[in-house]
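Structural overview
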Amino acid sequence: MNAPQSFNPDTWSVAGRTFTSRLIVGTGKYKSFEENAAAVEASGAEIVTVAVRRVNIADPNQPRLTDFIDPKKVTYLPNTAGCFTAEDAIRTLRLAREAGGWTLVKLEVLGEAKTLYPDMRETLRATETLVKEGFEPMVYCVDDPIAAKQLEEAGAVAIMPLGAPIGSGLGIQNRVTIRLIVEGANVPVLVDAGVGTASDAAVAMELGCDGVLMNTAIAEAKEPVLMARAMKAAVEAGRLAYLSGRMQKRRYADPSSPLAGLI
Amino acid sequence: MSLDASVSVRVNGEHRRVPDGTSVAEMVSLLGLDPLRVAVERNLAVIPRSTLGQVRVEDGDAYEIVHFVGGG
C-alpha cells in the first residue's frame, strides 16, 4: 500500500473524474434549500445525488434546487430512487442525461418498499443496458461480493453496497462483506445507505471503502450543518486510519510505558 | 384536432390544449418553463434538447417534463 504523504493529495477517481472529497451527500429531506446548500458546503462534498421528478406545471415558478446548489461547482449525480424495475430506472436516467448532459449516474433498482433492498436481477439488467447506451453507472447494491463482481463485469463504474437499509441510520451492519467487496473490486467501492452518525462513516472508511454516500444521517440530524461537518471529519479520519494500518488487537493489556527503570 | 385549431395532449399526467402547429419548445415555454432547464419525454421517447424547437406537438401526445429535485 502506498500511503500518501502530506505533499501527495489523497484523491480518488471514478469514470475518469478525480475528486478530493470522499463524501457524497444526498439532497433530500432538508427543511429548506438554504439549509441543504449550507450542509453541502459544510460537508465538503464534491458530488451530490439528485432525483429526477416531474416539474410542477401548476406552479412553474417554484424555487429550484439548481438555484441553491450550482451544478457547475458540484457534480450532480442523478439517481433512480423510487424505481422498482430496470425499465423505469433506464427511462429515468435517459431523461436525467438530457436534463443535465451527464453520463455519470447512480443506479438503484429497489425490490420492495419496506426494506428498500435492491433487486439485484433488475439492477444487473439495467446496468448492462445503461452501459450499452453510454452511461457510467455507479450502482447501489447488496453487500454480496459475487454480485459486486458481476456488476463490475457488466460495466458499473463504482460499486455501492448498503451498510444498512436506506434511511435507517443503523450503521455498518456487514463489515465482513463490505471488506470482501473492497478487496475484490477494481472499481471504487462506496458504502451507500445505512450511516447514522459520524463513527459509522469512519467505520466504512476504515474498511477500505473509497467513499461514503449518505443523506438522511445529515438531513435528519437536529443540526444538519454541524452533522455535515462531523461527517466530513469522520470520513477523513477513517480514511487516514485505513491508510495508517491499524495496530493488531491483543487479548490482554500491553503497557505503554517502559517497565525498565521502574522505581 | 378540434374546431378551434388546438390539439389535446397530456403533460405530466394532466390534460392540456395547445394551439395546432406548436413546437415542443413553444409548449414548454407556454407552460411557464425554461426549455433549457428541463428534459422532455414524448410518448416514452426522450426528445433531445437541440430538437425541441423542431418537433411539432401532435394531438394525443403524452409528455413527461422533468427536472432535478432533492434526493438521496
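Please refer to the structure placed before this passage.
1. Things to note about the overall build of chain A
A count of helical and extended segments in chain A gives eight helices and 10 strands. Its C-alpha radius of gyration of 20 Å places chain A within 12% of the 18 Å reference for a compact globule of 263 residues. Projected onto the principal axes, the alpha-carbon positions of chain A cover approximately 85 × 40 × 40 Å. Relative to its full complement of 263 residues, chain A shows a buried share of 48%. Look at the contacts in chain A between residues 6 or more apart in sequence, and 65% of them connect residues 24 or more apart. Summed over its atoms, the accessible surface of chain A is roughly 13000 Å², and 52% of this surface lies on carbon and sulfur atoms.

2. Let's talk about helix H5 (residues 175-184) of chain A
Residue and element names in this part refer to chain A. Every buried residue belonging to H5 is among Ile 178, Ile 181 and Val 182, and all of these are buried. One face of H5 carries all of its buried residues, which in axial projection span an arc of 100 degrees. Of the exposed residues in H5, those oriented more than 90 degrees away from the buried face are Val 176 and Glu 183. Buried residues in H5 make contact with helix H4 (145-154), strand E8 (158-161) and strand E9 (190-192).

3. Let's talk about the sheet that holds strand E6 (residues 104-107) of chain A
The strands making up a sheet associate through hydrogen bonds between their backbones, and the pairing can be parallel or antiparallel. Residues and elements named next belong to chain A. As summarised here, the arrangement of the three strands in space is E6-E7-E8, forming an open sheet in which the pairing is parallel. What marks the edges here is a single partner per strand, and that holds for E6 and E8. For this sheet the average axis-to-axis angle between neighbouring strands, irrespective of direction, equals 20 degrees. The pairing of E6 with strand E7 (residues 136-141) spans four bridges and is classified as parallel. Looking at E7, one finds that Val 105 is bridged to Pro 137.

4. Remarks on the interface of chain A and chain B
Tallying the contact residues gives 32 residues for chain A and 27 residues for chain B. Buried surface at the junction of chain A and chain B, summed over both partners, amounts to about 2600 Å²; 60% is from carbon and sulfur atoms. Per-residue buried area on chain A facing chain B is highest for Arg54(A), Val55(A) and Ile57(A); these three make up 28% of the total on that side. Viewed at the interface, chain B and chain A are joined by three salt bridges. The partner of Glu64(B) in a salt bridge is Arg54(A), and the shortest N-O contact between them spans 2.7 Å. On inspection of chain A and its partner chain B, the count reaches 15 residue pairs in polar contact (both at pLDDT 80 or more). Of all the elements in the fold, those that place two or more residues in the side of chain A that touches chain B are strand E4 (47-54), strand E5 (75-78) and helix H2 (86-100) of chain A. At seven residues, the largest contribution of residues to the side of chain A that touches chain B is made by H2(A). Partitioning the side of chain A that touches chain B into residue classes produces 14 nonpolar, nine polar and nine charged. For E4(A) and strand E5 (residues 62-70) of chain B, the ladder comprises five bridges, and the chain directions are antiparallel.

5. Considerations on the state of the cysteines
Formally, a disulfide is one covalent bond, and it connects the sulfur atom of one cysteine to the sulfur atom of another. Residue and element names in this part refer to chain A. Counted according to the given criterion, the structure contains zero disulfides over all chains. No disulfide involves Cys 83; its nearest neighbouring cysteine sulfur is the one of Cys 141, lying 17 Å away. In this structure Cys 83 comes out as buried when scored by relative accessible area, which is 6%. Summary of cysteine pairing: Cys 141 is not part of a disulfide, and the nearest cysteine sulfur, belonging to Cys 209, is at 11 Å.

6. Concerning the nonpolar core
With 68 residues, the main nonpolar core has Ile159(A), Met214(A), Ile218(A) and Met231(A) as its most contacted residues. Here the element with the most residues in this core is H2(A); it accounts for seven residues. If we ignore the near neighbours within four places in the chain, the residues touching Met214(A) are Leu23(A), Ile24(A), Val25(A), Gly26(A), Val195(A), Ala201(A) and Met231(A). Residues Val11(B), Leu33(B), Val55(B) and Val57(B) belong to the second largest nonpolar core, which totals 20 residues.

7. Some thoughts on the pattern of salt bridges
As enumerated under the stated definition, the model contains 20 salt bridges over all chains in all. The shortest N-O distance in the salt bridge between Arg16(B) and Glu14(B) comes to 3.4 Å. Its relative accessible area of 34% is what places Glu14(B) among the partly exposed residues. Salt bridges linked by common partners bring Asp10(A), Arg22(A) and Arg239(A) together as one network.

Calculation criteria
- Within each chain, residue numbers correspond to sequence positions counted from 1 in written order.
- Chain labels run from A onward and ligand labels from 1 onward, assigned in the order the entries are written.
- With pLDDT at 70 or above as the cut-off, local features in this predicted model cover only qualifying residues; side-chain atom pairs require 80 or more to be listed or tallied, and sums for whole chains, interfaces and linings still use all residues.
- Excluding hydrogens and water, the side-chain figures rest on all heavy atoms present in the structure.
- To qualify as a helix, a DSSP run of H or I must reach at least 4 residues; to qualify as a strand, a run of E must reach at least 2; elements of each kind are numbered from the N terminus.
- A radius of gyration in this sense is built from C-alpha atoms; the matching globule rule multiplies 2.2 Å by the number of residues raised to 0.38.
- Throughout, exposure labels follow a simple rule: accessible area from a 1.4 Å probe, protein chains only, divided by the maximum for the residue type, with under 20% read as buried, over 50% as exposed, and the rest as partly exposed.
- Contacts between residues were defined by any pair of non-hydrogen atoms, one from each residue, lying within 4.5 Å.
- Per-residue accessibility takes into account occlusion by the displayed protein chains alone, with areas from the Shrake-Rupley method and a 1.4 Å probe.
- Along the arc lie the directions from the helix axis toward the C-beta atoms.
- Two strands make a pair as long as DSSP finds a minimum of two bridges between them.
- To obtain each axis, a line is fitted to C-alpha atoms, and for helices this fit is confined to the stretch in contact; angles are then taken between N-to-C directions over 0 to 180 degrees.
- Buried area: the sum, over both parts, of the accessible surface (1.4 Å probe) that disappears when the two are put together.
- Throughout this description, the term salt bridge denotes a Lys or Arg side-chain nitrogen within 4 Å of a carboxyl oxygen of Asp or Glu.
- Within 3.5 Å is the distance limit for a polar contact, defined as a pair of N or O atoms, with the added protein rule that one can donate a hydrogen and the other accept it, and that residues adjacent in sequence qualify only through two side-chain atoms.
- Three classes are used: nonpolar for Ala, Val, Leu, Ile, Met, Phe, Trp, Tyr, Cys and Pro, charged for Asp, Glu, Lys and Arg, and polar for all others, with Gly counted as polar.
- Cysteine sulfur pairs qualify as disulfides if the two atoms are within 2.5 Å.
- Nonpolar cores were defined as sets of buried Ala, Val, Leu, Ile, Met, Phe, Trp, Tyr and Cys residues, with membership established by side-chain atoms within 4.5 Å.

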